[in-house]
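Examination of the molecular architecture
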Amino acid sequence: MKKKQILLLSALFQFCPFMLACGSSTVQLPSINSTKSYDITDYGASTTALDNAKAIQQALNACKNDGGGKVIIPKGTFISGPIIIGSNTELFLSKDAILQPLAYGAYPTTISDSSQYPDFISADSGSSNLIIDGTGTIYGNGPAWWAAYDAAKKKFKRGALIRLNKCSNILIRDITLRDAPGSHITIGSGGNSNNAAIRHITINTQVPSHNTDGIDVWASHVDIDSCYISDGDDNVAIDRGSQYIRITNCSFGYGHGTSVGSYTSNVKHVLIDNCTYENTDNGVRLKSNTDRGGGEEDFVFSNLTMNNVKNLIYIDCYYDKQYSTPANDKTNAKAVTPTTPSFKNIVFKNIKGTSTYKKNNAIFIYGRPELHVRNITFDNVQLTAPTGAVINFADSVVFKNGSSITAGTGNSISSTYDADITWNTTQTSKISVSSVPKADHRTKYTTSGKKVLDNDRH
């Protein structure tokens, strides 16, 4: 590419940082032409049955075989084993309907592996035009699962309440999900699903509840809008192969926030806009490691409000590994490979956030010494936290338009190492290193080798 073209692209990113993330193509919604309906009680389902899986599956099969339509879960509580939906099917949960998987101990394992439990609602491979909606509830009966998992010496794999792999044209709306055994909703696996819209749903799950992710995305062209999500793990996780992802107008309660990763290869064109975070462990978190990344770019996080969030903005390319000092990590830098995390072109715009949790940082950025994170812009971002920012192994970090970092103890910036930072704001001062007291949850070090934080293993 010619030098003039490179300069032009750089200028476009600086002046139009939303261009790529906001320019994604529209999600294709499902289209079901049939007006036929299939009430599960017509196939033998009842609120007194111990397991309605056979009856519900018969209704779903009839719908699919007839060319599609609406399968209705009426008012009442219906207990069931795992079920599978097919193309051109709307699974409708009526008002006051509760669809509940069998309890732990009664729920079947997979045929091939007795330590793995199937997903509760899944779809035929290659299905399209799938809708799960209504104002009813899917109750996961989770507490017994969590207790059994925590007590087990050999860990078992819990299925999701809803998992739609190798599917397209998906709509999930209006329903409530509670207390999943594991994750609540998973779209795709390694990028093999596409075109999904998740709107106006509620996920409200008890904490602590390990690995109860709200929505896991491994797909392209996914819109998540106007949802409330509170759970025991990632509120939303965006993983390998996910592209053109929009999360808008959502509210997040307990949980680990909106995460990219930890499997991040080819994750790009992500927009998170007009969302609130209340008491979450993290706000925006990008996490990866040398065996999980490659090709991450174009992220816009805008118009966000974070209240009492432990870690406000967090980029970690050593995820789930122990840190050394930045100088020692540089000495032991690895060779760059196709799976080395390569986060670049990241915009944080119009964000206000407060953290009051012990000694956490306002911003934490720890790239790789062999491949720095690049092109990070903080535009009108005001953060208040017990300690300031850590920015190590990062190129072209820009603070502008009144961005500020207010630290309860020490300086606005507590550590920089191999960091190229530009200050186009009068609100934040450039400080190389300060003596920051030991804080909880992550192990981080200043350039002099002083321990700053203990590792957070979310």
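This report concerns the structure included in the present document. Each chain carries its own residue numbering, running from 1 in the written order of its sequence. Predicted model: local features are reported for residues with pLDDT of at least 70 only, side-chain atom pairs are reported and counted for 80 or more only, and whole-chain, interface and lining totals are derived from all residues. Side-chain numbers here rest on the full set of heavy atoms in the structure, without hydrogens or water.

A short note on the overall build of the protein
This is how the line gets drawn: Segments assigned H or I by DSSP are reported as helices when at least four residues long, segments assigned E as strands when at least two residues long, and all are numbered from the N terminus. Per-residue accessibility takes into account occlusion by the displayed protein chains alone, with areas from the Shrake-Rupley method and a 1.4 Å probe.
Summing up its helical and strand segments, the protein has five helices and 32 strands in all. With the model as given, the accessible surface of the protein reaches about 17,800 Å², and the carbon-plus-sulfur share is 48%.

Remarks on helix α3 (residues 53-65)
Residues lying three or four places apart along an α-helix face the same way, a consequence of the helix completing one turn every 3.6 residues. Note the cut-off: Helix span, as expected, comes to 1.5 Å for every residue beyond the first. Only protein chains enter the calculation, and the probe is 1.4 Å; a residue is then buried if its accessible area is under 20% of its type maximum, exposed if over 50%, and partly exposed in between. Contacts: residue pairs with any heavy atoms within 4.5 Å of one another.
Here α3 is 13 residues long and its end C-alpha atoms lie 18 Å apart, about the 18 Å a rise of 1.5 Å per residue gives. Taken as a whole, α3 has its buried residues at Ala-53, Ala-55, Ile-56, Gln-57, Ala-59, Leu-60, Ala-62 and Cys-63. Looking at the buried residues of α3, the elements they touch are β1 (37-39), β2 (69-73), β3 (76-80), β4 (83-85), β5 (89-93) and β6 (97-101). Looking one or two residues beyond α3, the residue adopting positive phi is Gly-67, at roughly 100 degrees.

Comments concerning the pairing of strand β11 (residues 168-173)
Put simply, the rule is: Should DSSP find at least two bridges between two strands, the strands are taken to pair.
Counting buried positions over the six residues of β11 gives five, a clear majority of the element. Looking at chain direction, strand β8 (residues 128-134) and β11 are connected through four bridges and run parallel. Each residue of the ladder has a partner; that of Leu-130, found in β11, is Ile-170. Here five bridges tie β11 to strand β13 (residues 185-199), and the two strands are oriented parallel to one another. Bridging from a neighbouring strand, Arg-173 pairs with Arg-199 of β13.

Details of the environment of Val-217
Here Val-217 is to be found in strand β15 (residues 215-225). Classification of Val-217 as buried rests on a relative accessible area of 0%. Along the sequence, Val-217 and Ile-245 sit 28 residues apart, while their C-alpha atoms lie 8.7 Å from each other. Beyond its immediate chain neighbours, meaning those up to four positions away, Val-217 contacts Ile-187, Val-222, Ile-224, Ala-237, Ile-238, Asp-239, Ser-242 and Ile-245.

A look at the pattern of salt bridges
Selection criterion: We define a salt bridge as a side-chain nitrogen of Lys or Arg found within 4 Å of a carboxyl oxygen belonging to Asp or Glu.
As enumerated under the stated definition, the model contains eleven salt bridges in all. Notably, a salt bridge pairs Asp-133 with Arg-173, separated by 3.2 Å at the nearest N-O pair. Here Arg-173 lies in strand β11 and Asp-133 lies in strand β8, a separation of 40 residues in the sequence. Looking at Asp-133, the relative accessible area reads 4%, which means it is buried. Here Arg-173 falls in the partly exposed class, since its relative accessible area comes to 32%.

So, the nonpolar core
Note the threshold: Definition used in this section: a nonpolar core is a set of buried Ala, Val, Leu, Ile, Met, Phe, Trp, Tyr and Cys residues joined via side-chain atoms within 4.5 Å.
Counting 99 residues, the largest nonpolar core has Ile-172 and Phe-348 as the members making the most contacts within it. Once residues within four sequence positions are removed from consideration, Ile-172 is found in contact with Ile-132, Ile-162, Leu-164, Ile-185, Ile-187, Ala-197, Ile-198, Arg-199 and Ile-201. Counting eight residues, the second largest nonpolar core, distinct from the first, contains Tyr-314, Tyr-323, Val-390 and Phe-393.

Some thoughts on the packing of aromatic side chains
For the record, the criterion: Aromatic rings from Phe, Tyr and Trp, taking only the six-membered ring of Trp, are treated as a pair when their centres fall within 6.5 Å; an angle between ring planes under 30 degrees marks them as stacked, one over 60 as edge-to-face, and anything in between as tilted.
On inspection of all chains with the given rule, the structure shows 24 aromatic pairs. Their ring planes at 40 degrees and their centres at 5.4 Å tell us that Tyr-318 and Tyr-323 sit as a pair that is tilted. Residues Tyr-318 and Tyr-323 agree in their burial class; the two are buried. Here the aromatic residues Phe-299, Phe-301, Phe-343, Phe-348, Phe-378, Phe-399 and Trp-423 are joined through ring pairs into a cluster of three or more.

Things to note about unusual backbone geometry
Here Val-207 and Pro-208 are connected by a cis peptide whose omega angle stands at 0 degrees. Mapping Pro-208 onto the fold places it in the loop between β14 (202-204) and β15. Here the amide bond leading from Gly-261 into Ser-262 is cis, since omega sits at 20 degrees, within 30 degrees of zero. By the element assignment, Ser-262 lies in the loop between β20 (258-260) and β21 (268-278). Of note, Ser-226 is a non-glycine position whose phi angle comes to about 55 degrees, a positive value. Here Ser-226 lies in the loop between β15 and β16 (228-230). The class of Ser-226 is partly exposed, set by a relative accessible area of 24%.

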